[in-house]
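Understanding the architecture of this molecule
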Amino acid sequence: MPTPRIPLPMVSVPTVLLFAGGAMVWAGATWLVVNEAAPLWVTIPLHALVTFTMFTVLHESTHHAAGQLTWVNELLGRLAMPFVASYGSFPLVRYIHLEHHRNTNEDAHTDPDAWTAHGPWWQLPLRWLTIDFWYARFYVARQRTRPPSERVETVAVVTLSLAAFAWLTATGLGWELLVIYLIPQRVGLAVLAWWFDWLPHHDLGARRQDRFGATRVRVGLEWLMTPIMLCQNYHLVHHLHPAIPFYRYLRTWKDNRDAYLARDVPIATAWGRELTSSEYREWRQLTGSFAVEPPAPPPRQPSRFHALRVAEVRPLCEGAVTVTFDVPEPLRETFRFTPGQHLVIRAEVDGEEVRRAYSICSTPESGVLRIAIKQQLGGAFSTFATTELAAGDVLDVLPPHGMFTLTPEQGRAGRYVALAAGSGITPILSILTATLLNEPHSRATLLYVNTSGATTMFATELGDLAARLGGRLHVVHYRTDERDPDLRTHRIEKPFDAVGEALAISHERYQRGRLDSTRLRALLQARLHPAKVDDWFLCGPRELIDMARRTLADKDVPEENVHFELFQGALPVRPSRRPGPMLTVTAGGKTVEIPATVGETVLSAALRHGVDAPYACVGGACGTCRASVVRGSTRMDVHYALGDDEVAAGRILTCRAVATSPELSVDYDRP
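The paragraphs below set out a description of the structure included in this document. (Residues numbered from 1 in each chain as written. Predicted model: local features only at pLDDT ≥ 70, side-chain atom pairs only at ≥ 80, totals over all residues. Heavy atoms only, no water.)

Examining the overall build of the protein chain
Per the secondary structure count, the protein chain includes 23 helices and 22 strands. At 29 Å, the protein chain has a C-alpha radius of gyration in line with the 26 Å of a compact globule built from 671 residues. Scored against the burial criterion, the 671 residues of the protein chain give a buried share of 52%. Intrachain contacts of the protein chain at a sequence separation of at least 6 include 68% that bridge at least 24 residues. Carbon and sulfur atoms form 58% of the exposed surface of the protein chain, whose accessible area is close to 31,300 Å². (Helix = DSSP H or I, 4+ residues; strand = E, 2+ residues; numbered from the N terminus. Rg over C-alpha atoms; globule rule 2.2 N^0.38 Å. Buried < 20%, exposed > 50% of the residue type's maximum accessible area, 1.4 Å probe, protein only. Contact = heavy atoms within 4.5 Å. Areas by Shrake-Rupley, 256 points an atom, 1.4 Å probe, with all protein chains shown as cover.)

What follows is the structure in structure tokens.
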């Protein structure tokens, strides 16, 4: 999924100018009606045009795309609302529109905008004319689940609007109300329903089936269609990247066109002819750049363990140490890493082989390979590492691995948010340090959950980094131990984090208690509004990460912008002893046939038959054991370390993959 990284300005000037221009056109058209200076066939289209342009302002504010400042979006949304439908509130429209994004092209009771596309063709104009009535029915059916403030504002707006209509009618201004507002507004809403809803979405599948196939672009005659439709001819870009301002849709399409076309996105010409991706390329004379197939990637070299000497073991905090490895010059390139990657350690503890994955906490520029290990209750290797491991000892280490990464780019001005709990700070520290030091215009916020200051890993390093960066890194500590000294030496915040965050002076702040969904939602409504953030990095226990992912999804944060890694995955799979499928496993350039038992994972069967397959957590969390399905089929109960697109492409985590076909062939060496 491409991430365009279109910067959101503090205030979107084109959106503000669009509002100002619409207000002036409305005032001028109203003056023409009141003074009978122009016929209705002139003024009604002008007032209807205002409905259309003001909806774009409302639409931008709904997605926080009118600028980084939350109050600007809230203000513009409420100011534009009366020009579109005075009897509706801005929070109501925001909720309904986001439901459309969550459930694009589902039935009309799930996706409210689907009202414009259902039914026989002769009903469609009537449905376009009555879209607001369907919105009202949709909202009333759900109003009990909505926040009290939203309901109060909606009731107040509806009451005031109806009272104003009644007063104007009673004072003899009913005709003016009809020709200045009601008729043009009805025309404008019908055009909006046609252009915003029907044209981009009709006859397409549901979003949950294919995000890239649920909305189309309309190409050709851009010089005319783009200004007339206010860039909604590239509506697909908006659904994939909702926070991008409308005037950047065309640029985003051009910059990411190859990635979109590779997904066979729906494309139509200005006159409605449907095009395939290949037809579009030929039509745009792009065929030459796509004629030559890219060379096949070289086979992945099998990873193997290397014996590394421990250069230093240093206490970090209560129950935790850092371990620095001495990497010999011939292995420097082998152990080159990207911020966020981890190492798999193999050692013999109490006569048994153990493997554990630990994230690298240093940065590539430092030239140091360092991990942090925190003692876990009952943890064989963590107990050994924090109590017995010493400089000079030798451990078997796999080269750096993992997809929970961010590669810094010098010219980028990104905004990042990281959420870490306990030892989840380890990859986050590497990512934030490397990125902020190499991207001088980027900023980051870290939400860091711990029991107390005594058990907080890298507390001093984070404080020094925040001070060094001069405000580009803001750290919010959440301490679950009410007796933590840090909480007593800092001012207690008000219940809503947004207030404390907005008034923050220090680069580090302390909050009592856990980071729960209520607190996270409060942050997402203000300082950390999704439209202000480019990427989210989450690392911690499964319960916290699941909560954060659900909350971000509810706020329509695109999945491709949320990166996560877990402490540990699911419990091991328990197979039966009954004979099962036949496996063909390729690893390290060698292929073997293996009989598996019913319910046995590919990794378990491979290890049982002596295959040197890579693995670490066996819970689907680290991704070390990933492989490709060559033939056959599998099922995985979890695949935390794989994205849905990787699963669709045939990638599996062998520690969780169980064959569902009589024969299964997998390849660890295939990239």
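On we go.
Here we look at the sheet that holds strand β7 (residues 352–359)
One open sheet holds the 6 strands; their spatial order is β7-β6-β9-β4-β5-β8, and the pairing between them is antiparallel. The outermost strands of the open sheet, each flanked by one partner alone, are β7 and β8 (369–374). Geometrically, the sheet is characterised by an average inter-axis angle of 40° between neighbouring strands, direction not taken into account. (Pairing = 2+ DSSP bridges. Axes fitted to C-alpha atoms, helices over the stretch in contact; angles between N-to-C directions.)

Some thoughts on the state of the cysteines
Within this structure, the stated rule accounts for 0 disulfides. For the unlinked cysteine cysteine 539, the closest cysteine sulfur is that of cysteine 622, found at 12 Å. We classify cysteine 539 as buried; its relative accessible area is 4%. With no disulfide of its own, cysteine 655 lies closest to cysteine 625 among cysteine sulfurs, the gap being 3.6 Å. (Disulfide = S-S within 2.5 Å.)

Considering helix α16 (residues 425–438)
The terminal C-alpha atoms of α16 lie 19 Å apart, and with 14 residues this matches the ideal 20 Å at 1.5 Å per residue to within 8%. Burial analysis of α16 places 13 of its 14 residues in the buried class, the great majority of the element. (Expected span 1.5 Å × (residues − 1).)

A closer look at the packing of helix α3 (residues 70–85) against helix α8 (residues 174–201)
Each packed pair of helices is defined by two parameters, the angle between the axes and the distance between the axes. In the contact formed by α3 and α8, the axes pass within 8 Å of each other and the chain directions differ by 100°. By the angle between their directions, the pair α3 and α8 is classed as roughly perpendicular. Facing α3, whose interface residues are Pro82, Phe83, Val84 and Ala85, α8 presents Tyr181, Gln185 and Leu189. (Parallel < 35°, antiparallel > 145°, perpendicular 65-115°, else oblique.)

Considerations on the environment of asparagine 233
As for its placement among the helices and strands, asparagine 233 is situated in the loop between α9 (222–228) and α10 (235–240). Judged by relative accessible area, which is 1%, asparagine 233 ranks as buried. Taking C-alpha positions, asparagine 233 is 8.5 Å from tryptophan 195, a pair spaced 38 residues apart along the chain. Ignoring any residue separated from it by four or fewer positions in sequence, one finds asparagine 233 in contact with Arg216, Val217, Arg218, Glu222, Met225 and Thr226.

Examining the side chain of glutamine 232
Note that glutamine 232 resides in the loop between α9 and α10. The exposure class of glutamine 232 is buried, given its relative accessible area of 3%. Those residues in contact with glutamine 232, other than ones at most four positions away along the chain, are His59, Phe196, Phe246 and Tyr249.

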